[in-house]
Amino acid sequence: MMTSPSDKALVPFVSVDNMMRLVHHIGVEQVLIDLASYVENDFRRWELFDKTPRVASHSDVGVIELMPTSDGEAYGFKYVNGHPKNTSEGLQTVTAFGLLADVYTGYPVLLTEMTILTALRTAATSAMAAKYLAPKGSDTMAMIGNGAQSEFQSLAMKAIVGLKTVRLYDKDAAATDKCATNLQGSGLNVVKCATPQEAIEGAHILTTCTADKQNATILSDNMVGAGVHINAIGGDCPGKTELAKGILERSDVFVEFPAQTRIEGEIQQMKDDFAVTELWQVITGQQQGRRDPRQITLFDSVGFAIEDFSALRYIRDKVAGTAYKEDLDMLADPDDPRDLFGMLQRAKT
Ligand SMILES: NC(=O)c1ccc[n+]([C@@H]2O[C@H](COP(=O)([O-])OP(=O)(O)OC[C@H]3O[C@@H](n4cnc5c(N)ncnc54)[C@H](O)[C@@H]3O)[C@@H](O)[C@H]2O)c1
């Protein structure tokens, strides 16, 4: 006989549809501001988290990764893929979902889509880093790579850093057209550029967000002048980088978790003892961020589990008591906890 699941069996689930409704209910820019503050708060308590480089399974065409962490009270993980060839097959480069659990019982407390949430948290983290590292008064950004992440990156820089102009370039002009159309009415001044050189003209922040499974040179050494901040997003896997090595030699490099970034980030091109600053230490005031207007700062972003944990916490807080979630019958809950088999037998029709 089938019985309806008890409360203990149910896990709040946020579908893509509900995520989109929730984001519009709050407002995209407000979500980006909120997420940046959740990430910043978790970076402030960096030391108490479990930290490990993400577990990556590579193939010739892409990567599938698991990203776990815990603050001792909650445990979270994200499943995420990265397949640059996917867009040519009508699929996305990056898709994700994630789960948050209660450390005391081990029971999941949230299951959610994270494809949209990853774009939001990546952009929020970039803008949070730029707040500490970009030159004062940065109002112009070059956005190189105008794919799925690009509008999110642009809007986060607007909401958190005060960006006014974004200069778009993609090797595929259709991507630039798509991004420009999507940003219409956002309040940003959007300039479509025909070359990466044109895109970086007058830009204080250079964001690289391309997808290619190779060591690419999106920015060459001679393209980067003094006094800019580079927000390098697309180099996030072994053998997948975007910047010429010479740029790294001239920059002060800021990273999330060095043990992971040395494997996956732009700095995989450098020796293991190449000096980097951990972003969380800038936020807590233990290390300096930007100290001089002529300095080149580089956020070598690869995406770290704590940022996803922050995003999961945010969604848990926002959907509690709302209709932006469904209850999923996900955990078997026998009346007698040890009688799992009896529960199965009783369900026989
Ligand atoms: N650091 C992080 O936390 C993080 C998070 C999410 C995604 N990513 C990475 O960001 C990158 C972009 O992700 P997406 O979802 O926007 O991918 P996407 O495939 O939707 O877009 C990538 C864009 O880059 C363009 N491109 C590729 N090579 C180029 C080149 N040489 N010059 C100019 N443009 C070029 C493509 O035409 C495409 O429009 C991926 O590499 C992804 O792995 C990083």
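Attention here is on the structure that accompanies the text. Everything quoted here is computed from the prediction, not taken from an experiment. (Residues numbered from 1 in each chain as written. Predicted model: local features only at pLDDT ≥ 70, side-chain atom pairs only at ≥ 80, totals over all residues. Heavy atoms only, no water.)

1. Here we look at the state of the cysteines
Point 1. Considering all chains together, one arrives at zero disulfides under this definition.
Point 2. C193 takes part in no disulfide bond, and the closest cysteine sulfur, belonging to C179, lies 11 Å away.
Point 3. Since its relative accessible area comes to 8%, C193 is described here as buried.
Point 4. Between C237, a cysteine without a disulfide, and C209, which holds the nearest cysteine sulfur, the sulfur-to-sulfur distance is 14 Å.
Point 5. Using a relative accessible area of 5% as the deciding quantity, one classes C237 as buried. (Disulfide = S-S within 2.5 Å. Buried < 20%, exposed > 50% of the residue type's maximum accessible area, 1.4 Å probe, protein only.)

2. As for the site of the ligand
Point 1. Lining the immediate environment of the ligand, one finds 24 residues, of which T93, D170, T210, D236 and K240 sit closest.
Point 2. Between G303 and the ligand, the recorded distance is 3.3 Å, taken from a backbone N or O atom to an oxygen atom.
Point 3. In isolation the ligand has 860 Å² of accessible area, and contact with the protein removes 89% of it.
Point 4. Residue composition of the shell around the ligand, by class: eight nonpolar, ten polar and six charged. (Near = heavy atom within 4 Å. Polar contact = N/O pair within 3.5 Å; in protein donor to acceptor, adjacent residues only side chain to side chain. Areas by Shrake-Rupley, 256 points an atom, 1.4 Å probe, with all protein chains shown as cover. Nonpolar A, V, L, I, M, F, W, Y, C, P; charged D, E, K, R; others polar.)

3. A short note on the sheet that holds strand β2 (residues 55–58)
Point 1. What the seven strands build is an open sheet, ordered β2-β3-β4-β5-β6-β1-β17; its pairing is mixed. The sheet is open, and its two borders are formed by β2 and β17 (326–329), each paired with just one other strand. Going from strand to strand, the sheet's axes swing by 20° on average, the running direction of each strand aside.
Point 2. In this structure, strand β1 (residues 10–14) lies alongside strand β6 (residues 108–113), joined through two bridges in parallel fashion. Bridge pairing links F13 to L111 in β6. (Pairing = 2+ DSSP bridges. Helix = DSSP H or I, 4+ residues; strand = E, 2+ residues; numbered from the N terminus. Axes fitted to C-alpha atoms, helices over the stretch in contact; angles between N-to-C directions.)

4. Let's talk about the packing of aromatic side chains
Point 1. Per the stated rule, a full pass over the model turns up seven aromatic pairs.
Point 2. Here Y79 and F97 contribute two aromatic rings whose centre-to-centre distance is 5.2 Å and whose plane-to-plane angle is 20°, an arrangement assigned as stacked. With Y79 in strand β4 (residues 74–82) and F97 in strand β5 (residues 96–102), the pair connects residues that are 18 residues apart, well separated along the chain.
Point 3. Given a relative accessible area of 26%, Y79 falls into the partly exposed group.
Point 4. Of the residues examined, F97 reaches a relative accessible area of 37% and is grouped as partly exposed.
Point 5. Among the aromatic residues, those joined into a ring-pair cluster are F43, W46, F257, W280 and F304. (Phe/Tyr/Trp six-rings, centres within 6.5 Å; stacked < 30°, edge-to-face > 60°.)

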